[in-house]
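Commentary on secondary and tertiary structure
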There are 2 protein chains.
Amino acid sequence: MSANLNETLICGHPLEEYEAMIEKFHGNRAPGLIIGGFMVDLAQKNLPKGELFDVICESMKCLPDAVQVLTPCSIGNGWLKILKIGRFACTFFDKHTGDGVRVYLDTDKMKNYPEIYNWFFKVTPKHEQDGEALMRQIRSAGAAILSVEKVKVDPEISKKEKGSKIAVCPVCNEGYPAKHGEKCRICSGEINYLMKSS
Amino acid sequence: MSANLNETLICGHPLEEYEAMIEKFHGNRAPGLIIGGFMVDLAQKNLPKGELFDVICESMKCLPDAVQVLTPCSIGNGWLKILKIGRFACTFFDKHTGDGVRVYLDTDKMKNYPEIYNWFFKVTPKHEQDGEALMRQIRSAGAAILSVEKVKVDPEISKKEKGSKIAVCPVCNEGYPAKHGEKCRICSGEINYLMKSS
């Protein structure tokens, strides 16, 4: 257990400051996001300084927000991608060479931290969890529950999708990528999420 | 054209302040993100005050970052979802009732703004574009190139995916959602993005 929690830094931010940042961006201090901060910090410590990296998150939950708060990568600028793999891990890589590091939650190392283990594997029902004890253990464990490995990312992943011509859909009259076909994906029925009201 | 650009507010932020916020988060003042700010602002003006809304973006590009910077919705907390429809539009809705508003770039209204029209439909080759003229026209057009419609979102969209039990993958030894099968999606070969190096 660390004796100097006050000195814990997440990508240069004192831990308390990082927690306030994620509360503002994400809405609350989710346990997964505190761990996510240690993951981004560990990845950066294992990467060449001053270079730009793209990120792939293997989980939709929480983790992408740690990346968006701590790095220049966002879902809207395309430097962050999310793959629905469901492992609690993220990969930082050079998009030109594919070289990078992957940081993941290590199930063996987690065994030394019962609160974290029981939370992650849902051993303790949610209403019986001691949230404060969990947060204390996450803060003191820091990177001790993580492992890092060198990886090479498939160059296909970072190939930028070619920009398409923009057409006007003959049904809805909105702009859409011409490569999708003669109508946009809503008007062709390929995707639907709306029940239009009057 | 608005004579009072200095007084333009985006969700309560002076326009210049909003542009600085997106530059910090997104890396640059992308034209699509300035328009995105006016879209989020217009959506909020058409929603009941003080209620929480989920958001669906119909485009991966830029727009999600306007939502993440201006609202409590993020990709990591799940209140923002992205559907690859490719229309420049977003829908704000009450996840319990499905009632909401959809804001979209109106191709007819855009015809009054040639710089914006030529940029959006890629009429002018990128190297011939006058970036400053485009930005001036976006700032002065504001919400005049947008339209808003009442919509009802399919309740299936907001149904939360049931949390899965977490299993340890017998191949990689990492945690993954047990409902994915006997191995995680990487070890089963369902998804791949890595070429592991030594």
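**Remarks on the state of the cysteines**
This structure, assessed with the given rule, holds zero disulfides over all chains. No disulfide involves Cys62 of chain A; its nearest neighbouring cysteine sulfur is the one of Cys57 of chain A, lying 11 Å away. Between Cys90 of chain B, a cysteine without a disulfide, and Cys57 of chain B, which holds the nearest cysteine sulfur, the sulfur-to-sulfur distance is 5.1 Å. For Cys90 of chain B, a relative accessible area of 0% corresponds to the buried category.

**Focus: the confidence of the model for chain A**
A residue-level look at chain A finds 95% of positions with pLDDT of 70 or above and a mean pLDDT of 92. Scored by ipTM, the complex comes to 0.90, with pTM at 0.91.

**Topic: the pattern of salt bridges**
All names here are of chain A. All told, the structure shown has 26 salt bridges over all chains when counted by the stated rule. Salt-bridge contacts for Glu19 lead to Arg29; the nearest nitrogen and oxygen are separated by 3.2 Å. Of this pair, Glu19 sits in helix H1 (residues 15-26) while Arg29 sits in the loop between H1 and helix H2 (31-45), and the two are ten residues apart along the sequence. Its relative accessible area of 1% is what places Glu19 among the buried residues. With a relative accessible area of 26%, Arg29 lands in the partly exposed category.

**As for the relation of the copies chain A and chain B**
At an RMSD of 0.0 Å, chain A and chain B line up after a rotation of 180° and a shift of 0.0 Å along the axis. Both chain copies can therefore be described as sitting about a two-fold axis. Within chain A, Ile75 of chain A has its C-alpha nearest the rotation axis, a separation of 3.9 Å. Of the interface residues in chain A, 100% have counterparts in chain B that sit at the interface too, so the contact is made through matching surfaces.

**A few points about the interface of chain A and chain B**
With 62 residues of chain A in contact, the opposing surface of chain B contributes 64 residues. Contact between chain A and chain B buries roughly 5100 Å² in total, counting both sides, with carbon and sulfur atoms accounting for 56%. Three residues, Arg87, Glu174 and Tyr193 of chain A, lead the burial of chain A against chain B; their summed loss comes to 16% of the area buried on that side. Where chain A packs against chain B, one counts 29 residue pairs in polar contact (both at pLDDT 80 or more). Considering every element that reaches the side of chain A that touches chain B, the biggest residue donor is strand S7 (residues 146-153) of chain A, with five residues. Taken together, the residues of the side of chain A that touches chain B sort by class into 31 nonpolar, 16 polar and 15 charged.

So, how was this worked out
- Residues numbered from 1 in each chain as written.
- Chains lettered and ligands numbered in written order.
- Predicted model: local features only at pLDDT ≥ 70, side-chain atom pairs only at ≥ 80, totals over all residues.
- Heavy atoms only, no water.
- Disulfide = S-S within 2.5 Å.
- Buried < 20%, exposed > 50% of the residue type's maximum accessible area, 1.4 Å probe, protein only.
- pLDDT = per-residue confidence, 0-100.
- Salt bridge = Lys/Arg side-chain N within 4 Å of Asp/Glu carboxyl O.
- Helix = DSSP H or I, 4+ residues; strand = E, 2+ residues; numbered from the N terminus.
- Least-squares fit on C-alpha atoms with pLDDT ≥ 70 in both.
- Contact = heavy atoms within 4.5 Å.
- Buried area = accessible area lost by both parts, 1.4 Å probe.
- Polar contact = N/O pair within 3.5 Å; in protein donor to acceptor, adjacent residues only side chain to side chain.
- Nonpolar A, V, L, I, M, F, W, Y, C, P; charged D, E, K, R; others polar.

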